[in-house]
Amino acid sequence: MTEVTLVVGGAGRVFTGDAEVLLGRDAACDVQVTDRRVSRRHCRLVVRPDRVAVRDLGSRNGTSVNGVPIDGERELHDGDELRLGDTVARVGVTRNGLTILRELGRGAQGVVHLAREPDGSLVAVKTLTAPGATDLFRRELECTAALDHPNIVRFHRSLAEPLGFVAEYCAGGSVADHGPYGVEKALDLTRQAAAALKYAHSAEIPVVHADGTTAVGRGLVHRDIKPQNLLLTADGRLKVADFGLAKAYDQAGLSGRTPTGAIAGSVAFMPRRQVIDYKYARPEADRWALTACLYWMLTGSPPRDFPAGADPVAVVLREPPVPVRERLPALPAALAAEIDAALTENVSEPRFK
């Protein structure tokens, strides 16, 4: 549960769960402030399971967070300073005993925050934000919890309310935040990711079938390998993350969770075979995607060109990858040949080791 502590003038108030807290001079406000520069209804604090935010209500002298005036709504994190007129309110935010520090990223089904454990260690907390994606989110939770490899983000524990999980924090950001890389660095990162995928492709994974029965699947295909999902630790080690679209490929078609014809993930890093038959994607799709990531690490571009306004799915179905030396002529010919061969649609196994 999200808990917000608001300290005004030395007095603290605690608000939990779903709450809307009105601040101002009016006696009817949840937190009354006597400062004459504060409007009668000055701002509103909105507490939700996945976020805490403040919204100025058209006050005469405005609302600022950490000295910066806000226009509309602004998300709040632990330690923020909220100023109304000459009055300062200090904000404390915790969730399930974790101190929430800042947002790291937000996607279609969840938001990731940096948080601090009671022992001071930093962790990443992913929380469901799309109620309609509960099954998909639980799949990510289950898959992440089932995997144990030095190049896969470590799972710590699940959270019930709001639905989420605590995982290893990778302070180096993602591969997408850096680069292009030199050849040796790009190959080193690719080998680390390849080791993680080789493990995942043979791991035992819990599976829930459409009829409610359970089974143990062998071999997890990620289905969304892209630079943004290749994270880096503070010392530069690579960790594969975000198994929200993963599934046990030997159980494909039995879970009832992926409709025929469905496509998800980043099309720019998908092979044609995955776009055509997403539901039954096999490990070859991950290996193609990882080669596409290597291509990106070397060149700064995905293997295919996606012109503005073009349908990305149509591009994948119709256009071949651009030979890598057309983007990077200085790339050694032998490596370029390996990459180009691995990205052809009739080759399933990249040969670089």
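Let us look at the structure shown here. Given the structure is predicted, the values throughout are model-derived calculations rather than measurements. (Residues numbered from 1 in each chain as written. Predicted model: local features only at pLDDT ≥ 70, side-chain atom pairs only at ≥ 80, totals over all residues. Heavy atoms only, no water.)

## With respect to the side chain of Arg 95
Here comes step 1: Position of Arg 95 among the secondary structure elements: in strand S11 (residues 87–95).
Here comes step 2: In this structure, Arg 95 is buried with no salt-bridge partner, the nearest side chain bearing the opposite charge being Glu 75 at 6.3 Å.
Here comes step 3: Of note is the side chain of Arg 95, whose polar atom sits 2.9 Å from the side chain of Thr 2.
Here comes step 4: In contact with Arg 95, other than residues within four places in its own chain, are Met 1, Thr 2, Pro 49, Asp 50, Arg 51, Ile 100, His 113, Thr 127 and Pro 162. (Helix = DSSP H or I, 4+ residues; strand = E, 2+ residues; numbered from the N terminus. Buried < 20%, exposed > 50% of the residue type's maximum accessible area, 1.4 Å probe, protein only. Lys, Arg positive; Asp, Glu negative; His and termini not counted. Salt bridge = Lys/Arg side-chain N within 4 Å of Asp/Glu carboxyl O. Polar contact = N/O pair within 3.5 Å; in protein donor to acceptor, adjacent residues only side chain to side chain. Contact = heavy atoms within 4.5 Å.)

## Notes on the pairing of S11
Here comes step 1: Bridging between strand S1 (residues 2–8) and S11 involves 7 bridges; their strand directions are antiparallel. Its bridge partner lying in S11, Val 8 is registered against Ala 89.
Here comes step 2: Sheet topology places strand S10 (residues 81–84) next to S11; 4 bridges connect them, and they run antiparallel. By the bridge assignment, Arg 83 is partnered in S11 with Val 88.
Here comes step 3: Joining the antiparallel neighbours S10 and S11 is a turn of 2 residues, in which Gly 85 adopts a positive phi near 60°.
Here comes step 4: Note that S11 and strand S12 (residues 98–106) share 2 bridges and pair antiparallel. Looking at S12, one finds that Arg 95 is bridged to Leu 98. (Pairing = 2+ DSSP bridges.)

## Side note on empty space enclosed by the protein
Here comes step 1: For the structure on display, the rule yields 2 cavities of 30 Å³ or more.
Here comes step 2: Residue lining of the second largest cavity: Arg 223, Asp 224, Ile 225, Lys 226, Ser 266, Phe 269, Met 270, Gln 274, Ala 285, Asp 286 and Ala 289, and that is the complete set.
Here comes step 3: At 3 residues, the largest contribution of residues to the lining of the second largest cavity is made by helix H4 (residues 283–299).
Here comes step 4: Classifying every residue of the lining of the second largest cavity gives 5 nonpolar, 2 polar and 4 charged. (1 Å grid on protein atoms, 1.4 Å probe; cavity = no way out; pocket = protein on both sides within 12 Å on 5 of 7 lines; lining within 4 Å. Points joined across faces, edges and corners; volume = space filled by probe spheres on them. Nonpolar A, V, L, I, M, F, W, Y, C, P; charged D, E, K, R; others polar.)

## Digging into the layout of surface pockets
Here comes step 1: By volume, the largest pocket is sized at about 900 Å³.
Here comes step 2: For the largest pocket, the lining is made up of 35 residues, of which Val 112, Lys 126, Gln 228, Asn 229 and Asp 242 are closest to its centre.
Here comes step 3: Residue assignment for the lining of the largest pocket shows that the elements contributing at least two residues are S12, strand S13 (110–116), strand S14 (122–128), helix H1 (134–146) and strand S16 (164–168).
Here comes step 4: A breakdown of the residues in the lining of the largest pocket according to their chemical character gives 18 nonpolar, 9 polar and 8 charged.

## Some points on the nonpolar core
Nonpolar side chains in soluble globular proteins tend to end up buried together.
Here comes step 1: Ranked by size, the top nonpolar core spans 38 residues in total, and within it Val 175, Tyr 181, Leu 230, Leu 238, Val 240, Met 297 and Ile 339 carry the most contacts.
Here comes step 2: Mapped onto this core, the elements with two or more residues apiece are helix H2 (183–200), strand S20 (230–232), strand S21 (238–240), H4 and helix H7 (333–343).
Here comes step 3: Excluding anything up to four places from it in sequence, Val 175 contacts Tyr 181, Leu 189, Pro 227, Leu 230, Leu 232, Leu 238, Trp 296 and Met 297.
Here comes step 4: Ranked by size, the runner-up nonpolar core spans 30 residues in total, among them Val 21, Val 54, Leu 84 and Ala 89. (Core = buried A, V, L, I, M, F, W, Y, C linked by side-chain atoms within 4.5 Å.)

## Digging into the packing of aromatic side chains
Here comes step 1: Applying the stated criterion across every chain yields a total of 2 aromatic pairs.
Here comes step 2: Taking 5.9 Å as the distance between ring centres and 40° as the angle between the ring planes, the aromatic pair formed by Phe 137 and Phe 165 counts as tilted. Of this pair, Phe 137 sits in helix H1 while Phe 165 sits in strand S16, placing them 28 residues apart in sequence.
Here comes step 3: Assessed through its relative accessible area of 0%, Phe 137 is described here as buried.
Here comes step 4: For the pair Phe 155 and Phe 165, a centre-to-centre distance of 6.0 Å together with 35° between the ring planes defines the contact as tilted. Linking Phe 155 in strand S15 (residues 155–159) with Phe 165 in strand S16, this pair joins segments that are 10 residues apart in sequence.
Here comes step 5: Classification of Phe 155 by relative accessible area gives partly exposed; the value is 22%. (Phe/Tyr/Trp six-rings, centres within 6.5 Å; stacked < 30°, edge-to-face > 60°.)

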